[in-house]
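Per-entry structural report
One letter stands for each residue in the lines below.
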Amino acid sequence: MSDIVPPEVRPKPAVPAKPPNVGAPSPSSPFPPQVPGVGGGGVSAPPPSAIPVPIGSHGPSHGGTHGVGHAMGQGGAHIGGHSGGQSHNTSNSTSGGSTLLGYIGIDTIIEQMRKKTMKTGFDFNVMVVGHSGLGKSTLVNTLFKSQVSRRNAGWGRDEKIPKTVEIKSVSHVIEEGGVKMKLTVVDTPGFGDQINNDNCWEPISKYINEQYDKFLKEEVNITRKKRIPDTRVHCCLYFISPTGHSLRQLDVEFMKRLNHSVNIIPIIAKADTMTPEERQEFKQRVKKELEMNGVEFYPQKEFDEDMEDKSDNDKIREAMPFAVVGSDKEYQVNGKRVLGRKTAWGVVEVENMNHCEFAQLRDFLIRSHLQDLKEVTHNIHYETYRAKRLHENGGLHPVSSNDTQESNL
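The following paragraphs examine the structure supplied in this document.

Reading the values: rules and limits
Residues numbered from 1 in each chain as written. Predicted model: local features only at pLDDT ≥ 70, side-chain atom pairs only at ≥ 80, totals over all residues. Heavy atoms only, no water. Helix = DSSP H or I, 4+ residues; strand = E, 2+ residues; numbered from the N terminus. Buried < 20%, exposed > 50% of the residue type's maximum accessible area, 1.4 Å probe, protein only. Contact = heavy atoms within 4.5 Å. Areas by Shrake-Rupley, 256 points an atom, 1.4 Å probe, with all protein chains shown as cover. Salt bridge = Lys/Arg side-chain N within 4 Å of Asp/Glu carboxyl O. Patch = residues over 30% accessible without salt bridge, like charges linked within 9 Å, V, L, I, M, F, W, Y side chains within 5 Å. Lys, Arg positive; Asp, Glu negative; His and termini not counted. Charge placed at Lys NZ, Arg CZ, Asp CG, Glu CD. Pairing = 2+ DSSP bridges. Axes fitted to C-alpha atoms, helices over the stretch in contact; angles between N-to-C directions. Expected span 1.5 Å × (residues − 1). Arc of directions from axis to C-beta. Parallel < 35°, antiparallel > 145°, perpendicular 65-115°, else oblique. Left-handed = near helix turned anticlockwise from the far one by under 90°. Nonpolar A, V, L, I, M, F, W, Y, C, P; charged D, E, K, R; others polar.

Some words on the overall build of the protein
- Across its full length, the protein carries 10 helices and 9 strands.
- Counting across all 409 residues of the protein, residues that qualify as buried make up 39%.
- Pairs at least 24 apart in sequence give 66% of the contacts found in the protein among residues at least 6 apart.
- Per element, the accessible surface of the protein, about 24,600 Å² overall, is 52% carbon and sulfur.

Observations concerning the pattern of salt bridges
- On inspection of all chains with the given rule, the structure shows 21 salt bridges.
- Across the pair K168 and E166 runs a salt bridge, and its minimum N-O distance is 3.9 Å.
- Given the relative accessible area of 33%, E166 is considered partly exposed.
- Note that D314 is salt-bridged to K310, the shortest N-O span being 3.0 Å. One end of the pair, D314, and the other, K310, are both in helix α7 (residues 307-319), 4 residues apart, so they sit about a helical turn from each other.

Some words on a positive patch on the surface
- A surface patch of positive charge is lined by K115, K116, K119 and K226.
- Assignment of secondary structure puts K226 in the loop between α4 (202-219) and β4 (235-240).

Notes on the sheet that holds strand β7 (residues 330-333)
- Sheet architecture is open: 3 strands sit in the order β7-β8-β9, paired in antiparallel fashion. Across the chains shown, the open sheet's two edge strands, defined by having one partner strand only, are β7 and β9 (346-349). Along the sheet, successive strands turn relative to each other by an average axial angle of 70°, direction set aside.
- Two strands pair when backbone bridges link them, and β7 and strand β8 (residues 336-343) are joined in this way by 4 bridges, in the antiparallel orientation. Along β8, the bridge assignment pairs Y331 with V338.

Section: the environment of I316
- Tracing the backbone through its elements, the reader meets I316 in helix α7.
- Taking the C-alpha atoms as reference points, I316 and L361, 45 residues apart in sequence, are found 9.3 Å from one another.
- Not counting the four nearest positions on each side in its chain, I316 is found in contact with P299, F322, F364 and H369.

A short note on the sheet that holds strand β6 (residues 322-323)
- Taking strand neighbours across the sheet as the criterion, the 6 strands line up as β2-β3-β1-β4-β5-β6 in an open arrangement whose pairing is mixed. Looking at which strands have only one partner, the edges of the open sheet turn out to be β2 (168-176) and β6.
- Taken together, the 7 bridges between strand β1 (residues 122-129) and strand β3 (residues 179-187) define a ladder with parallel strand orientation. Within β3, the residue paired with V128 across the bridge is D187.
- Helix α9 (residues 370-393) contacts β1, β3 and β4 of the sheet and is inclined by roughly 85° relative to β1.

Notes on a nonpolar patch on the surface
- Nonpolar side chains collect at one region of the surface, where L100, I104 and I106 lie side by side and expose about 300 Å² of accessible area between them.
- With respect to the element layout, L100 can be found in the loop between α1 (66-73) and α2 (109-120).

Observations concerning unusual backbone geometry
- Y298 connects to P299 through a cis peptide bond whose omega is 0°.
- Secondary-structure assignment places P299 in the loop between α6 (276-292) and α7.
- Here the residue pair M320 and P321 is connected by a cis peptide bond, since its omega of 0° sits within 30 degrees of zero.
- For N334, which is not glycine, the phi torsion reads 55° and is therefore positive.
- On the secondary structure map, N334 appears in the loop between β7 and β8.
- The class for N334 is exposed, based on a relative accessible area of 80%.

So, the side chain of H234
- Its location among the elements puts H234 in the loop between α4 and β4.
- Residue classification places H234 among the buried positions, given a relative accessible area of 1%.

A short note on α7
- For α7, spanning 13 residues, the distance from its first C-alpha to its last is 19 Å, which sits close to the expected 18 Å at 1.5 Å a residue.
- Taken residue by residue, α7 has N313, I316, R317 and A319 as its buried positions. Considered in projection along α7, the buried side chains sweep an arc of 160° and stay on one side of the axis. Exposed residues on α7 whose side chains face more than 90 degrees from its buried face are M307, K315 and E318.
- Contacts from the buried residues of α7 go to α6, β6 and α8 (358-368).

Describing the packing of helix α3 (residues 136-144) against α8
- Relative orientation of the contacting elements α3 and α8 amounts to 65°, with a least axis distance of 10 Å. One finds that α3 runs roughly perpendicular with respect to α8. The hand of the α3/α8 crossing is right-handed. In this structure, α3 contributes L139, T142, L143 and F144 to the contact, and α8 contributes F358, L361, R362, L365 and I366.
- Residue classes in the contact of α3 with α8 are distributed as 7 nonpolar, 1 polar and 1 charged.

By themselves, these figures tell us nothing about what the structure is for.
Structure below.
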């Protein structure tokens, strides 16, 4: 009996047979050539670094080839082993990296999303708040390089100042590079223009919450629309008067009461009325006053997802509030056409970083953080409102189709 060797510890052949499907890799192959292993049955085992691991499983063994050889010696039931060299059942998978044997096409999901977005388009809703004469309409026209302000909606420039704050909105479809965006500009004429401005932010707060409520009612419908119209305010541009002294009490109260309901971006309007030194000093004073009053503006620090976001947003927070100049008129400067404001001593170029910070505002608002503004609105502000409404009412009852038709009318 002592001469009989059990199969699992049978002496290994000196030169194991090479499997027919193992050979020199093609020049384009990302995997190294496989070498003869130590498992029984003439099956060659690749080195641990070349072992393809099923998606979601552990990587190759870090305890040498003992675990690999032992697993292969049992008929190749599984590949890999624990770091201690002991072979155990590895069916319990955990998250981890994997080595793919060929191209699958996962990266095409970005192209699929792009095509779908180009077909359906998307919504972006901007609210502008500030008293009359700060150039709100002009700045919006400059941002989107088109006539999207209230002037294009047929409002007269000599229109009387309303006695109370009114909410007026106008929508346009803007297309660029095949991508369609429905832009809605919400204006608030009458804000801060009265002798008594007590509670003048209430109509604005009411309008913002009404848009959340409208979206919520569509969500709880039994038969809801495939795509719910999004009228929620994604961004509020708050215009600060370039006094050079300090914020008005109205400015502080507005931002303090609405900073948890909407993304507020404070900007200093008509920055060309101050010298560069006065502008920098005023920016620091505004930032300090907002911090002292506990006013948070977008992008908030608690919304930074990772270190890269934190690094980018810290630079933006350092530059805010943006001191901007708006103009929808072109002038000839050094042989090229530029947007600007003509003065007695020259032309203030809107997109010149040495003249104002309009280019920074545009890049931040449209080119880098537009999608994040929409996500923060949906995931933070809207969810906060939704949870509060459902808690107060004990849950909203589904709206019938008749009620929906009446609300649409």
